[in-house]
Amino acid sequence: MFYYATSHRLPVLSSGTFIHPSSLPGVWGEIETELPVDPVKLSLELDAGSRYWEYIIFPGERKNNFVPALEERGARILFTPPVWEEWIDGKRIFRSRSTEKIGLKQHYEYRVQLTESSGRRLILRDKLPPPSPRELSVTGEPDTITAYIYL
């Protein structure tokens with residue numbers, strides 16, 4: 001069961017149990033119950049976790065000298081150099097992932113770009129979507145979520 005945090009008292013059960021949002025950092029809420037028990041204060045700590053970001057790039061008909069790179073405009077996320085790999089259907093793809101785990105959020109302020117530098121630097125995609133928490137890595141990398149980019 002999930003609860004949406006607001007500044008209002010939220011009824012949880014008809015037995016007189018309520019959740020109050022907490023103003024303390026790292027504490028989601030407090031549970032108040034009117035059941036005949038000794039008073040107990042319970043704090044719930046929920047963490048969204050963090051994951052590596054992985055991008056799988058399908059280059060389409062690009063030549064073998066195609067050299068992509070992933071860059072975050074503020075340099076807050078660093079990525080491994082993309083490497084050629086063989087995809088499930090035998091086609092060649094590029095794969096790159098962040099060098100560190102990134103905290104999961106509903107919205108990100110990061111701006112990840114796909115660039116090419118075979119001769120001069122070109123921006124191929126200015127703002128790549130962040131990987132979805134629902135897209136686990138097909139490569140089996142632990143704690144990794146994936147975005148698929150088709151060129």
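Please refer to the structure higher up on the page.
Keep in mind that what you see is a predicted model, and the values were worked out from it rather than measured.

## Notes on the sheet that holds strand β10 (residues 112-116)
In step 1: Ordered by their spatial adjacency, three strands build an open sheet running β6-β10-β11, and the pairing between neighbours is antiparallel. Sheet topology places β6 (68-72) and β11 (122-128) at the edges, where each strand pairs with a single neighbour. Within the sheet, the average angular offset between the axes of one strand and its neighbour, ignoring direction, is 25°.
In step 2: As defined by bridge partners, β10 adjoins β11 across four bridges and the pair is classed as antiparallel. What sits directly across from L114, in β11, is R125.

## Digging into the side chain of R97
In step 1: Counting through the fold element by element, R97 comes out in strand β8 (residues 92-97).
In step 2: At 3.2 Å, the side chain of R97 and the side chain of E141 are in polar contact.
In step 3: A polar side-chain atom of R97 sits 2.9 Å from a polar atom in the side chain of T144.

Parameters and conventions
- Residues numbered from 1 in each chain as written.
- Predicted model: local features only at pLDDT ≥ 70, side-chain atom pairs only at ≥ 80, totals over all residues.
- Heavy atoms only, no water.
- Pairing = 2+ DSSP bridges.
- Helix = DSSP H or I, 4+ residues; strand = E, 2+ residues; numbered from the N terminus.
- Axes fitted to C-alpha atoms, helices over the stretch in contact; angles between N-to-C directions.
- Polar contact = N/O pair within 3.5 Å; in protein donor to acceptor, adjacent residues only side chain to side chain.

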